[in-house]
Amino acid sequence: MTGPQPRILISGQHGQVSRELQLSLRSLGTIHALDRNALDLTQPEQIRSYIRAIAPDLIINAAAHTAVDQAESEPDLAFAINAQAPGIFAEEAARLNIPLIHYSTDYVFDGNKATPYTEDDAPNPLGVYGRSKLAGEQAITAVGGQHLILRTSWIYSRHGRNFLLTMQRLLQEKPQLRVVADQIGAPTWAGTVAHSTRLLIERWQNGLGGEWGIYHLTAQGETSWFGFAQAIADQLKVLGLPCAELLPIPSRDYPTPAQRPLNSRLDCSRLQRQWQVTQPHWQQALIDCLK
Ligand SMILES: NC(=O)c1ccc[n+]([C@@H]2O[C@H](COP(=O)([O-])OP(=O)(O)OC[C@H]3O[C@@H](n4cnc5c(N)ncnc54)[C@H](OP(=O)(O)O)[C@@H]3O)[C@@H](O)[C@H]2O)c1
C-alpha cells in the first residue's frame, strides 16, 4: 500500500460481512464503506467514477445479490450485481495496480461430491445465484490482476437477514420447528470472514502473502441446518428462554424456488498452506458471535 493511511473501499455498507469488515479493518486505514445509494452495483459508470475519485489502495467487494430464491425470478439483476460489477471492480483495480478482495460462495458447486470441495473441483451451480456468482469469479479471473476470491458459506451475524436471527425468533415463537437436516456445510460468522480478511491484508502488506486466486474460507467443522438450529436452541436454553422442539426434515419436504447443494463443505487447507490463515470451529465462532 502507498502512504501511511491507506484507503480501503468496501462495497455494501450494511451487509453482514461488510459491517464486520468495517470493524475489523478500521485500524488498517481509512475506510470508505459505501451503500447502494453511493455505489450502486447495477451502475457500471458509477462504479468506475467512484473508484477513480477515491483512488483506493485496496478494494473489497462485499456487496452482492444474496437473495438466493429471489434471484431465480430476477436473473438479469443478479448477473448485473454478482457478475458484471465484480468484473468492473477487477478492471479498475488492475488499472490502479491494487488488489481486489471479493467474496463468492459454496453455491458454485452442485453438492454431489462425497467429500469437501477444493478449489480444483469443477463448479456446477444449481441455480441463478450460484451461476451469477460463478460468472463474477470468471470475470475477475479473466482480468488477471491481483485478486483474492474468497468462497465462503452459510454466513450469519447479529445483523441483517440470516439463519441465526430467524431461528432465534422462530424458536421462541413456535412450539415446534422443522429444519432441513440433509444439507451439510459450515455455518460461518461474518466476523470470522472479516477477521481472516484482515489477516490476509496484513500478510500481503508485510510481503508474506501467498498466490492470488480463488480460496475457500469457512469456519472449521461441519453440520446440517438442523444441527446449526440445535446449537442456536442450546444457547437460548442456557439463557432460560422459551425454545421450540426441533424436528429434522429432508430438503424435499421444504421446497424452495432455488435448489441448494446437499454438500456445501469447502476444504480450506489451500488458504492455510498459502497464506497461513485458519478459521475457528463453527461452534466456537457461534459463541463468540453471541457474546
Ligand atoms: N449470506 C450467505 O449465506 C453467503 C454465503 C456464501 C457466500 N456469501 C457471499 O458473501 C458476500 C457477503 O455476503 P453477506 O451475507 O454479507 O450479504 P448481505 O448481508 O446480503 O449484504 C449484501 C449487501 O449488498 C448490498 N447490495 C445489494 N444490491 C446492491 C446494489 N445493487 N448496489 C450496491 N449494493 C448492493 C446490500 O445492500 P442493502 O443493505 O441496501 O440491501 C447489502 O448491504 C457476498 O459476496 C455473498 O455472495 C454469502
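Coordinates for the structure precede this section.
Residues numbered from 1 in each chain as written. Predicted model: local features only at pLDDT ≥ 70, side-chain atom pairs only at ≥ 80, totals over all residues. Heavy atoms only, no water.

### Observations regarding the nonpolar core
1) Next: Residues Leu 171 and Val 179 are the most contacted members of the largest nonpolar core, which totals 27 residues.
2) Next: A per-element tally of this core places helix 8 (residues 225-238) first, with eight residues.
3) Next: Leaving out residues up to four positions away in the same chain, Leu 171 has contacts with Leu 177, Ala 229, Ile 232, Ala 233, Leu 236, Pro 242, Cys 243, Ala 244 and Leu 246.
4) Next: One finds Leu 25, Leu 28, Ile 101 and Val 193 within the second-largest nonpolar core, a separate group that totals 25 residues. (Core = buried A, V, L, I, M, F, W, Y, C linked by side-chain atoms within 4.5 Å. Buried < 20%, exposed > 50% of the residue type's maximum accessible area, 1.4 Å probe, protein only. Helix = DSSP H or I, 4+ residues; strand = E, 2+ residues; numbered from the N terminus. Contact = heavy atoms within 4.5 Å.)

### What to know about the packing of helix 4 (residues 75-96) against helix 5 (residues 128-143)
1) Next: The N-to-C vectors of helix 4 and helix 5 enclose an angle of 15°; their axes lie 8 Å apart at closest approach. Compared by their axis directions, helix 4 and helix 5 come out roughly parallel. Crossing geometry of helix 4 relative to helix 5 is assigned as right-handed. When helix 4 is examined against helix 5, the residues Pro 75, Ala 78, Phe 79, Asn 82, Ala 83, Pro 86, Gly 87, Ala 90, Glu 91 and Ala 94 are found in contact with a partner set consisting of Val 128, Tyr 129, Arg 131, Ser 132, Lys 133, Ala 135, Gly 136, Ala 139, Ile 140 and Val 143.
2) Next: Residue composition of the contact of helix 4 with helix 5, by class: 13 nonpolar, four polar and three charged. (Axes fitted to C-alpha atoms, helices over the stretch in contact; angles between N-to-C directions. Parallel < 35°, antiparallel > 145°, perpendicular 65-115°, else oblique. Left-handed = near helix turned anticlockwise from the far one by under 90°. Nonpolar A, V, L, I, M, F, W, Y, C, P; charged D, E, K, R; others polar.)

### Re the sheet that holds strand 5 (residues 147-152)
1) Next: Taken in spatial order, the six strands make up an open sheet running 2-1-3-4-5-10, and their pairing is parallel. Both outer strands of the open sheet, strand 2 (30-34) and strand 10 (213-216), are each paired with one neighbouring strand and no more. Within the sheet, the average angular offset between the axes of one strand and its neighbour, ignoring direction, is 20°.
2) Next: Against the sheet, helix 1 (residues 16-24) engages strand 1 (7-11), strand 2, strand 3 (58-61) and strand 4 (100-105), with an angle of about 160° to strand 1.
3) Next: Here helix 5 sits on the sheet and contacts strand 4, strand 5 and strand 10; the angle it forms with strand 4, its principal contact strand, is near 155°. (Pairing = 2+ DSSP bridges.)

### Overview of the side chain of Ser 224
1) Next: Along the chain, Ser 224 falls in strand 11 (residues 223-224).
2) Next: From its side chain, Ser 224 meets the backbone nitrogen of Gly 227 in a polar contact 2.9 Å long.
3) Next: Setting aside its immediate chain neighbours within four residues, Ser 224 contacts Trp 154, Val 180, Ala 181, Gln 183 and Ile 184. (Polar contact = N/O pair within 3.5 Å; in protein donor to acceptor, adjacent residues only side chain to side chain.)

### Some details on the site of the ligand
1) Next: Looking at the ligand, there are 25 residues lining it, with Arg 36, Leu 41, Thr 66, Tyr 129 and Lys 133 nearest.
2) Next: Residue Arg 36 places a side-chain N or O atom 2.9 Å away from an oxygen atom belonging to the ligand.
3) Next: In this structure, Tyr 129 approaches the ligand through a side-chain N or O atom, which is 2.7 Å from an oxygen atom.
4) Next: Surface burial for the ligand is 85%, taken as the share of its 910 Å² of free accessible area covered by protein chains.
5) Next: Of all elements in the fold, only helix 1, strand 4 and helix 5 reach the threshold of two or more residues within the shell around the ligand.
6) Next: In terms of residue count, the dominant contributor to the shell around the ligand is strand 4 (three residues). (Near = heavy atom within 4 Å. Areas by Shrake-Rupley, 256 points an atom, 1.4 Å probe, with all protein chains shown as cover.)

### Thoughts on unusual backbone geometry
1) Next: Despite not being glycine, Ala 55 has its phi angle at roughly 50°, a positive value.
2) Next: Within the fold, Ala 55 resides in the loop between helix 2 (44-54) and strand 3.
3) Next: When its relative accessible area of 27% is taken as the criterion, Ala 55 is described as partly exposed.
4) Next: Phi is positive for Gln 276, which is not a glycine, with a value near 55°.

### Points about the state of the cysteines
1) Next: Enumeration over the complete set of coordinates arrives at zero disulfides.
2) Next: Distance from the sulfur of Cys 243, which forms no disulfide, to the nearest cysteine sulfur (Cys 289) is 17 Å.
3) Next: Given a relative accessible area of 27%, Cys 243 falls into the partly exposed group.
4) Next: As a non-bridged cysteine, Cys 268 has Cys 289 as the owner of its nearest cysteine sulfur, 18 Å distant.
5) Next: Residue Cys 268 is classed as buried on the basis of its relative accessible area of 16%. (Disulfide = S-S within 2.5 Å.)

That's the geometry; what it means functionally is another story.
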